[in-house]
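The lines below spell out each chain.
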Amino acid sequence: MSILRREFESLRQNGITKVGLPRIGDPSVIPLWFGEGDLPTPDFIRDAAKSALDDGLTFYNHPAGRPDLRAAIKDYLDRLYGIELDAGRVVVPGSTMLGISMAARMTLGSGDHGLIVSPNWPNIDRAFQMTGARFDFVRQRIEPQGWRLELDDLFAAVRPETKALFLNSPCNPTGWVMPGDEQRRLLDFCRGRGIVIIADEVYHRNVFDGDVAPSFLSIAEPDDPLIVVNGFSKAFAMTGWRLGWMVIPAGYGEQMTALSECSNTGAPPFIQMAGITALTQGESFVRELRERYRAGRGLVMQMLAPHPRIELSEPAGAFYAFPRVRGLRSSLDFVQSLLAEKNVGLAPGFTFGPGNEDHFRLCFAQSHERLETALSRIRDYLEDYDFG
Ligand SMILES: Cc1ncc(COP(=O)(O)O)c(C=O)c1O
C-alpha cells in the first residue's frame, strides 16, 4: 500500500527535467532546455548578498519578507505601473514557484475546479494537481500573427465550482503577451463570479515591445480576486537564488504570513538584501538582457523559422521559441535523439499541456555563438530525423 495521498501517487517528473537531468552540467551539450540564460547574476547583486552575509544576516526573519524588501518591491511596481500599491499586500515567501504552489493551495481544494491557460509550464499543472482539485486546460490558439487566448474559450470552460484560474503572461512557452484590454475583460468576468485569477508575471520584463508587459496590477482594485506572482529569476538572471514575491488582495495578511511561515519561513535574509539591490540598481542590466534576448530571438527567426518543417511566429515576450514541427509524432523521441546525436538540449512539447506533441521548446537566452551552433545542428537534424 502506498504512503501517498491519491494526488501524489500519480505525480510525475516533468518532461524538461526528464530529458535534461541525466546530462545536466555536461559541457558537450548546448543546453537550451531550461528557462535560463548562460550569464551569471551580475557582480553588483552578488556583492550585496556577500556583504549581507558579512553583516551577519544569517537569522530567521519575518516570514512574509523583510519590510525593506517589501517596500522596495512596492516602489518598483509603483514605478513600473504608475500605481500606489499597499506594501502590506506584498509577501516574499521564497521562490516564484513557491508562490504559485501557495496560491494554488490557498484557493483550491478537493471538490473545487480550476483552469489553466495552456500551453503552460508543466510545474503549474503539478501544483494544481497537488491541491486535490479538478482542473481543465484552456488552450491558446495559434494564428498567423502568433499565439492568442480567445477569452470566450476561457469563459466557456468555467463551471459553477470553478474557484481559480491560472495564466502566465508573457507566456512560457509560447511568448504570448496578454493585452491590457483583455486583462480588463477577464478581471470584470472573474470579479462577478468570485473566481481568483492567479497571474504569473515572472517574465514581465522580458518583452520586446516596451519596457514591461501589461499587468493585472495596473487595473485591479485592492479587494479584487487576484493573486499576482512574480520574482527575480528571469529579469535579473537570478534563477538559482529562489527569490520571488506575491501580491495578494487586501485583508489576507495574517493567513498569508501563517502560510509562508509553514512553507519556507520566508526567503533567506541575505538573499532578500540582494533582491533590494537588484530592484534599485538593476535597470540597466534588465535592458542589457533584453537586447541580448532580442538578438537570440532574431537568430531563431532567421535560422529556424524558414525551415519547411517548422511553423513559428515571432514570440512577443519571455525567451522561448515553441515551434510546431510538421509531421512530428513524438516530441520526446525527437528531443532525446537530438540530444544523443547532436548534443543540443531541448524541452519536449508534450510536457507543456495537451495538444503539444508536435512541438518543442527552445530557450534563446544564450550567447550568440552557442545559439548559432545549436540552431544549425537542429536544422541539420530536421533533415536527418526519421519522421516515419
Ligand atoms: C511560467 C513560470 N512561472 C514561474 C517560474 C518559476 O520561477 P522561479 O525560478 O523564480 O521560481 C518559471 C520558471 O521557469 C516559469 O517559467
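Residues numbered from 1 in each chain as written. Predicted model: local features only at pLDDT ≥ 70, side-chain atom pairs only at ≥ 80, totals over all residues. Heavy atoms only, no water.

Colleague: Help me understand the overall build of the protein chain in this model?
Modeller: Check the secondary structure of the protein chain and you find 13 helices and 16 strands. For a compact globule of 388 residues, the expected C-alpha radius of gyration is about 21 Å, and the protein chain comes in at 21 Å, within 12% of that figure. Considering only C-alpha atoms, the protein chain reaches an extent of 60 × 55 × 50 Å along its principal axes. Put simply, the protein chain has 388 residues, and 58% of those count as buried. Taking all contacts inside the protein chain whose residues are at least 6 apart in sequence as the whole, residues at least 24 apart take part in 74%. For the protein chain, the exposed surface amounts to about 16000 Å²; the carbon and sulfur share of it is 50%. When the 41 positive and 49 negative side-chain charges of the protein chain are each reduced to one mean point, those points stand 3 Å apart. (Helix = DSSP H or I, 4+ residues; strand = E, 2+ residues; numbered from the N terminus. Rg over C-alpha atoms; globule rule 2.2 N^0.38 Å. Buried < 20%, exposed > 50% of the residue type's maximum accessible area, 1.4 Å probe, protein only. Contact = heavy atoms within 4.5 Å. Areas by Shrake-Rupley, 256 points an atom, 1.4 Å probe, with all protein chains shown as cover. Lys, Arg positive; Asp, Glu negative; His and termini not counted. Charge placed at Lys NZ, Arg CZ, Asp CG, Glu CD.)

Colleague: Where do I start with the pairing of strand 9 (residues 226-231) in this structure?
Modeller: Residues in a regular strand project their side chains so that they alternate between the two faces of the sheet. Judged by how many residues are buried, strand 9 sits mostly within the fold: six of six residues are covered. Side chains of strand 9 alternate between two faces, with Leu 226, Val 228 and Asn 230 and Ile 227, Val 229 and Gly 231 buried alike. In this sheet, strand 9 lies alongside strand 8 (residues 196-200) in parallel orientation, the contact comprising four bridges. Pairing of Ile 198 across the sheet is with Ile 227, part of strand 9. (Pairing = 2+ DSSP bridges.)

Colleague: Please clarify how the sheet that holds strand 4 (residues 134-139) should be interpreted in this entry.
Modeller: Whenever strands of a sheet pair, they do so through backbone hydrogen bonds, lying parallel or antiparallel. The seven strands are arranged 2-10-9-8-7-3-4 in an open sheet whose pairing can be described as mixed. Single-partner strands in this sheet number two, and they are strand 2 (90-94) and strand 4. Shown here is a sheet whose adjacent strand axes are inclined to one another by a mean of 20°, direction ignored. Set on the sheet, helix 6 (residues 122-129) makes contact with strand 3 (113-118), strand 4, strand 7 (162-168) and strand 8; between it and strand 3 the angle comes to about 175°. (Axes fitted to C-alpha atoms, helices over the stretch in contact; angles between N-to-C directions.)

Colleague: Before we go on, may I ask you to explain the domain arrangement of the protein chain in this structure?
Modeller: Under the domain assignment, the protein chain is made up of domain 1 (6-40 + 284-384) and domain 2 (43-282). Each partner contributes residues to the interface: domain 1 has 38 residues there, and domain 2 has 40 residues. Buried surface at the junction of domain 1 and domain 2, both sides included, amounts to about 3200 Å², of which 56% is carbon and sulfur. Together, Val 286, Arg 290 and Ala 318 form the three largest contributors to the area buried by domain 1 at its contact with domain 2, with a combined 17%. (Domains from an automatic or database assignment. Buried area = accessible area lost by both parts, 1.4 Å probe.)

Colleague: What should I look at first to understand unusual backbone geometry in this one?
Modeller: With glycine set apart, most residues show a phi of negative sign, and most peptide bonds adopt trans. A cis amide bond links Ser 118 to the next residue, Pro 119, at an omega of -5°. Structurally, Pro 119 is set in the loop between strand 3 and helix 6. For the peptide bond that leads from Asn 172 to Pro 173, omega is 20°, which places it in the cis range. Despite not being glycine, Arg 242 shows a phi value in the positive range, around 60°. Relative to the helices and strands, Arg 242 resides in the loop between strand 9 and strand 10 (244-247). On the basis of relative accessible area, Arg 242 is assigned to the partly exposed category, the value being 42%. Of note in this structure, Thr 265 is not a glycine but carries a positive phi near 55°. Assignment of secondary structure puts Thr 265 in the loop between helix 9 (253-261) and helix 10 (269-281).

Colleague: Can you walk me through the environment of Val 91 in this structure?
Modeller: Note that Val 91 resides in strand 2. Accessibility expressed as a relative area gives 2% for Val 91, which makes it buried. Along the backbone, Val 91 and Arg 70 are 21 residues apart, and their C-alpha atoms lie at a distance of 7.0 Å. Here Val 91 is in contact with Ala 64, Arg 70, Gly 244, Trp 245, Met 246, Ile 248 and Met 256, once residues within four sequence places are set aside.

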